[in-house]
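# Notes for the structure review
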Amino acid sequence: VSAGRGAGLNTANFDYLANAILRQAQLQTVHKLSRTAQELVVAELIEQLQKQKELPYFADMSLRPGFVKAMTSLLSQLGRSGVTPDEATLALSSWDEREENRREKDREIALLYTAYRNYLQQQHLFDVEGLYRLALASLHRKDFIPCWKHLYFYGFYKYDALQLEIIQALSK
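These lines cover the structure that appears in this document, whether it is placed above or below. What you see is a predicted model, and the numbers here were worked out from it, not measured in a lab.

Inspection of the entire model under this criterion finds 11 salt bridges. Here the salt bridges do not stand alone but share partners, grouping Arg35, Glu39 and Lys69 into one network.

Listed below in structure tokens is the structure:
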């Protein structure tokens with residue numbers, strides 16, 4: 001890294017790249033949600049859905065330490081895969097041969113994912129996955145020309161679907 005900087009190269013992680021794309025697209029005023037804020041939102045949604053008796057499978061589990069963090073991580077993984085709430089609901093409800101309690105768990109995950117995505121949209125907030133999707137949309141704009149002549153990526157086996165889409169869009 002230091003040798004690259006000495007040669008006039010910038011090194012950065014993927015979050016920085018997505019934010020740099022947004023800055024170049026003049027979208028730097030986007031309201032970004034930190035991981036802690038994400039967990040608070042997920043905790044609030046779980047509480048609301050519990051009050052409405054919509055989460056019977058997770059009723060006891062949701063009170064345990066670490067549940068909100070684990071659920072936030074799961075929702076983030078769904079977001080990074082690029083799946084929409086409708087696609088997640090369809091996929092999670094299509095396993096007919098699963099036991100009833102497993103189908104209930106899948107339904108509740110889809111419900112939480114939908115509630116989370118809807119909340120972000122209604123509040124005009126973006127989590128990391130939302131920032132990646134916004135960066136990708138910026139790259140697809142006809143008037144967007146990246147400011148970089150060359151970008152080099154390493155660790156390609158670690159990238160998720162959304163990151164790979166950004167790399168592909170940058171290669172055009």
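Having seen the structure, we can now continue with the description.
Attention shifts here to the side chain of Thr72. Here Thr72 shows up in helix α4 (residues 67-80). Engagement of the side chain of Thr72 in a polar contact is seen with the backbone oxygen of Val68, the distance being 2.7 Å. Other than its neighbours up to four places away in sequence, Thr72 contacts Arg35, Gln38, Glu39 and Val42.

Right, let's get into the environment of Phe67. Among the structural elements, Phe67 can be located in helix α4. Given a relative accessible area of 11%, Phe67 falls into the buried group.

The subject of this paragraph is helix α7 (residues 128-140). Taking 1.5 Å as the rise per residue, α7 with 13 residues should run 18 Å; its terminal C-alpha atoms sit 19 Å apart, in good agreement. Restricting attention to buried positions, one finds in α7 the residues Glu129, Gly130, Leu131, Tyr132, Leu134, Ala135, Leu136, Ser138 and Leu139.

Right, let's get into the packing of aromatic side chains. Counted under the stated rule, the structure contains six aromatic pairs. Aromatic pair Phe14 and Tyr159: ring centres 5.5 Å apart, planes at 55°, arrangement tilted. Here Tyr159 lies in the loop between α7 and α8 (161-170) and Phe14 lies in helix α2 (residues 14-24), a separation of 145 residues in the sequence. Following the ring pairs from residue to residue traces out a cluster consisting of Phe14, Tyr132, Phe153 and Tyr159. For the cation-ring pair, Arg23 lies above Tyr16, with the distance from its terminal atom to the ring centre recorded as 5.2 Å.

This part is about the packing of helix α3 (residues 35-51) against α4. At a minimum axis separation of 9 Å, α3 and α4 run at an interaxial angle of 105°. Taken together, the axes of α3 and α4 are roughly perpendicular relative to one another. Counting all contacts with α3, which are made through Arg35, Gln38, Glu39, Val42, Ala43 and Ile46, the residues of α4 involved are Phe67, Val68, Lys69, Met71, Thr72, Ser73, Leu75 and Ser76. When its residues are assigned to classes, the contact of α3 with α4 shows seven nonpolar, four polar and three charged.

As a further point, take the nonpolar core. Of all hydrophobic cores here, the largest spans 22 residues; its most connected members are Ile46, Met71, Leu75, Leu112 and Tyr116. Breaking this core down by element, the ones donating at least two residues are α3, α4, α5 (85-93) and α6 (100-123). Dropping the residues within four chain positions of it, Tyr116 is found in contact with Leu33, Gln38, Val41, Val42, Leu45, Leu75 and Asp127. Ile21, Phe144, Tyr159 and Ile167 belong to the second largest nonpolar core, which has 20 residues in total.

Approximately 270 Å³ is the volume found for the second largest pocket. Surrounding the second largest pocket, Pro85, Arg117, Asn118, Leu120, Gln121, His124, Leu125, Phe126, Asp127, Gly130, Arg133 and Leu134 form its lining. Secondary structure elements with two or more residues in the lining of the second largest pocket: α6, β2 (125-126) and α7. Broken down by element, the residue count for the lining of the second largest pocket peaks at four residues, all from α6. Split into classes, the residues belonging to the lining of the second largest pocket amount to five nonpolar, four polar and three charged.

A few words now on unusual backbone geometry. Backbone geometry at Lys53 places phi at a positive 60°, although glycine is not the residue there. Mapped onto the secondary structure, Lys53 falls in the loop between α3 and α4. Its relative accessible area of 70% is what places Lys53 among the exposed residues. One non-glycine residue, His124, adopts positive backbone phi at about 55°. Classification of His124 as exposed rests on a relative accessible area of 56%.

Basis of the calculations
Here the residue index of a chain counts from 1 through its sequence in written order. With pLDDT at 70 or above as the cut-off, local features in this predicted model cover only qualifying residues; side-chain atom pairs require 80 or more to be listed or tallied, and sums for whole chains, interfaces and linings still use all residues. Each side-chain value is worked out from all heavy atoms of the structure, with water and hydrogens disregarded. Whenever Lys or Arg places a side-chain nitrogen within 4 Å of a carboxyl oxygen from Asp or Glu, that contact is recorded as a salt bridge. Think of it this way: any DSSP run of H or I at least four residues long counts as a helix, any run of E at least two long counts as a strand, and we number them from the N terminus. Counting of polar contacts relies on pairs of N or O atoms within 3.5 Å, with two restrictions inside protein: one atom must be capable of donating a hydrogen and the other of accepting it, and residues adjacent in sequence are counted only when both atoms are side-chain atoms. Residues are treated as being in contact if the distance between any of their heavy atoms lies within 4.5 Å. Relative accessibility under 20% of the residue-type maximum defines a buried residue, over 50% an exposed one, and the middle range a partly exposed one, all with a 1.4 Å probe and only protein chains included. By this rule the span expected of a helix is its residue count minus one, scaled by 1.5 Å. The pairing test for Phe, Tyr and Trp rings, Trp by its six-membered ring, is centres within 6.5 Å, and the orientation test on the planes gives stacked under 30 degrees, edge-to-face over 60, and tilted for anything in between. Only when the NZ of Lys or the CZ of Arg is both within 6 Å of the ring centre and within 35 degrees of the ring normal is a charge said to sit over the ring. As a rule, the C-alpha atoms of each element are fitted with a line to give its axis, helices using only the stretch in contact, and angles between N-to-C directions run from 0 to 180 degrees. Throughout, the term roughly parallel applies to angles under 35 degrees, roughly antiparallel to angles over 145, roughly perpendicular to angles from 65 to 115, and oblique to all others. Gly is placed with the polar residues, together with every amino acid not listed as nonpolar (Ala, Val, Leu, Ile, Met, Phe, Trp, Tyr, Cys and Pro) or charged (Asp, Glu, Lys and Arg). By convention a nonpolar core is built from buried Ala, Val, Leu, Ile, Met, Phe, Trp, Tyr and Cys residues, the set being connected through side-chain atoms within 4.5 Å. Residues are said to line a cavity or pocket when one of their atoms sits within 4 Å of a point; the points come from a 1 Å grid over protein atoms alone, cavities being sets where a 1.4 Å probe fits but cannot get out and pockets being open sets with protein on both sides within 12 Å along at least five of seven lines. Grid points are joined across faces, edges and corners, and a volume is the space filled by probe spheres set on the points.

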